[in-house]
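What follows is the residue order along each chain.
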Amino acid sequence: MTHTSEQSNFDLQPEDFGEDFVWGVSTAAYQIEGAHEAHGKGISIWDEFVTKKGTIFENQHGQITCDFYNKYKEDILLMKSMNIDHFRFSLSWSRILPDGTGKVNPQGIAFYNDVINFCLECGVTPWVTLYHWDLPQTLEDLGGWTNRKVLEWFEAYVKICSKHFGDRVKHWMVLNEPMVFTGAGYFLGVHAPGKKGLRNFIPAIHHAVLCQALGGRLLRKMVPGAIIGTTFSCSQITPRSNSKKDLKAADKADTLLNRLFIEPSLGLGYPDESIPVLRKIKKYEKPEDAQNSIFDFDFIGVQNYTREVVRHSYTVPYLRAKIVKASDRNVQTTLMDWEVYPPSIYEMLKKFNAYEGVKKILITENGAAFEDSLKDGKVNDLERTSYIQNYLKQVHKASSEGVKVSGYFVWTFTDNFEWAEGYYPRFGLVHINFKTLKRTIKASGKWYRDFLRKKEQKEVFKTKKTDVPIG
Ligand code: GAL
């Protein structure tokens, strides 16, 4: 059930979040680029997964999606016209290395050079994610993330990206949400590559943890002045009741969803005291691995959308925990059946900030999918605007309590291919007609534009003032 939310009184200004606070939008290659086999691109696990009947809503796919590959100039100009100065996007590994490793595709490099150069020309800072879930299929055929060789493959890929783009790109993120791509892709089988079970999940977790740190080390070595982060999905976990069993279930869910990937990177090891089955990771560990899982990231990307209510369940092996669906709780939801629950972002900021070793946090994704409709050239998506405003209030609250949060990226710029859900959940600030590919700024996009304009105006004023010759 989707309820209309009330308009919020939002009187914050960008500068209330701090002078250097970064405002942007986030995207991912497979979700926006299209051109799935253009100019030497190899096949990724998502190109392959979408061809299997029944995996994606109405058997949709990202072969064209927003056609960002051909329309990147239009999109970056649109972004700029909306006062958005920071653009997070990911590189498609198989566009750069069609076979995953070995020969580089010069046309793939040229495409990303064009995107990066155009961003810089327009005064938009590129924030690049190295891996947002689209592993080259040739590597998956060799076991993908379950094969320890992924460390070598990933190393070669990161080196190529650093070498070709590191002179201009200074903001990097190593992985996007390792919990989601290992959990949905290698345990539940609902995302590419569609593998299931612990025997896939356990090695995939360990190799992702190692690559997360390895990527950080390589970037630090190869890109002078790089600001390096990695991103984590996270949700506040609320036990359904205060019974001992529900509390225990909630603790396990919190460990799995919020702690599993950050703690080894901080030198805390795997949180297996709460989920003993994680001890199976030991089978894949080499003596140097605990040390090699550590990296001192310049920032942590927190990605939050909702909270989860969790209860005890006998039927779920190992975890004995189950999520109580939002639609069964009579709460305000989005089209993903995610509860709209702004305090979750505050709780997550507090939680990640409390780790010693976390230097800085950016919200690298937050946003919502609602039933948008385009009428007379307009999308009046008031629910999205108030969602963003209410989450921002919580970010501001955390910031005013001393949490080191220094950026916010809306997920996402334009409507796009939402993985297994296909095209029905629209998350964009900009509407796309997927038949004509026409872009229309939604009311939420106009609100974001006007909100950011205040910052732009202030900056123009600042430059003007300092430009005045003295004497
Ligand atoms: C994140 C993911 C994005 C996007 C978003 C909305 O988990 O990184 O690619 O799909 O969720 O569902």
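This text follows the structure it describes.
Thresholds applied
Residues numbered from 1 in each chain as written. Predicted model: local features only at pLDDT ≥ 70, side-chain atom pairs only at ≥ 80, totals over all residues. Heavy atoms only, no water. Helix = DSSP H or I, 4+ residues; strand = E, 2+ residues; numbered from the N terminus. Rg over C-alpha atoms; globule rule 2.2 N^0.38 Å. Buried < 20%, exposed > 50% of the residue type's maximum accessible area, 1.4 Å probe, protein only. Contact = heavy atoms within 4.5 Å. Areas by Shrake-Rupley, 256 points an atom, 1.4 Å probe, with all protein chains shown as cover. Lys, Arg positive; Asp, Glu negative; His and termini not counted. Charge placed at Lys NZ, Arg CZ, Asp CG, Glu CD. Polar contact = N/O pair within 3.5 Å; in protein donor to acceptor, adjacent residues only side chain to side chain. Pairing = 2+ DSSP bridges. Phe/Tyr/Trp six-rings, centres within 6.5 Å; stacked < 30°, edge-to-face > 60°. Lys NZ or Arg CZ within 6 Å of the ring centre and 35° of its normal. Axes fitted to C-alpha atoms, helices over the stretch in contact; angles between N-to-C directions.

### Here's the deal with the overall build of the chain
For the chain, the helix and strand inventory stands at 15 helices and 15 strands. In summary, the chain has a C-alpha radius of gyration of 21 Å against a globular reference of 23 Å for 471 residues, a match within 12%. Along the first, second and third principal axes, the C-alpha atoms of the chain reach 70 × 55 × 50 Å. The 471 residues of the chain split such that 61% are buried. Across the chain, the fraction of contacts at a sequence separation of at least 24, relative to all contacts at a separation of at least 6, is 77%. Of the roughly 19,200 Å² of accessible surface on the chain, a fraction of 53% belongs to carbon and sulfur atoms. Charge-centre separation for the chain: the mean point of 62 positive side chains lies 3 Å from the mean point of 56 negative side chains.

### Thoughts on the side chain of Ser274
With respect to the helices and strands, Ser274 occurs in the loop between helix 11 (262–265) and helix 12 (289–292). Among the polar contacts listed, one links the side chain of Ser274 to the side chain of Asp251, at a separation of 3.1 Å. For Ser274, the side chain forms a polar contact with the side chain of Thr255, separated by 2.9 Å. In this structure, Ser274 is in contact with Asp251, Lys252, Thr255 and Arg259, ignoring residues within four places of it in sequence.

### Topic: the pairing of strand 2 (residues 86–90)
Within strand 2, five of the five residues are buried, leaving the element largely enclosed by the surrounding structure. Residues of strand 2 alternate between two faces, with His86, Arg88 and Ser90 on one and Phe87 and Phe89 on the opposite face, all of them buried. Here strand 1 (residues 22–26) pairs with strand 2 via three bridges, running parallel. Note that in strand 2 the partner of Val25 across the bridge is Phe87. Summarising the sheet, strand 2 and strand 3 (residues 125–131) pair through five bridges and their orientation is parallel. Paired with Phe89 across the strands is Val128, a residue of strand 3.

### Description of the packing of aromatic side chains
Under the defined criterion, the tally for this structure stands at 47 aromatic pairs. Pairing Phe17 with Trp23 gives two aromatic rings, centres 5.0 Å apart and planes at 85°, and the pair type is edge-to-face. An identical accessibility class is assigned to Phe17 and Trp23; each is buried. Among the aromatic residues, those joined into a cluster by ring pairs are Phe68, Tyr69, Tyr72, Phe87, Phe89, Phe111, Tyr112, Phe118 and Phe165. Taking NZ or CZ as reference, Arg95 lies 5.6 Å from the ring centre of Phe111, over its face. Lying across the ring of Tyr341, Arg307 places its NZ or CZ 3.9 Å from the centre.

### A word on the sheet that holds strand 6 (residues 236–239)
The three strands are arranged 6-8-9 in an open sheet whose pairing can be described as mixed. Only two strands of the sheet have a single neighbouring strand rather than two, namely strand 6 and strand 9 (321–324). Between one strand and the next, the sheet's axes are offset by a mean angle of 40°, whatever the strand orientation. Of the strands in this sheet, strand 6, strand 8 (307–312) and strand 9 are in contact with helix 10 (residues 244–259), which crosses strand 8 at around 135°.

### Some details on unusual backbone geometry
With an omega of 5°, the peptide bond running from Ala192 to Pro193 counts as cis. Turning to its location among the elements, Pro193 is positioned in the loop between helix 8 (178–186) and helix 9 (198–222). Of note, the amide linkage connecting Trp411 to Thr412 takes the cis form, showing an omega dihedral of 15°. The topology assignment puts Thr412 in the loop between strand 13 (405–411) and strand 14 (430–432). For Asp376, which is not glycine, the phi torsion reads 50° and is therefore positive. For Asp376, the position within the fold is in the loop between strand 11 (374–375) and strand 12 (378–379).

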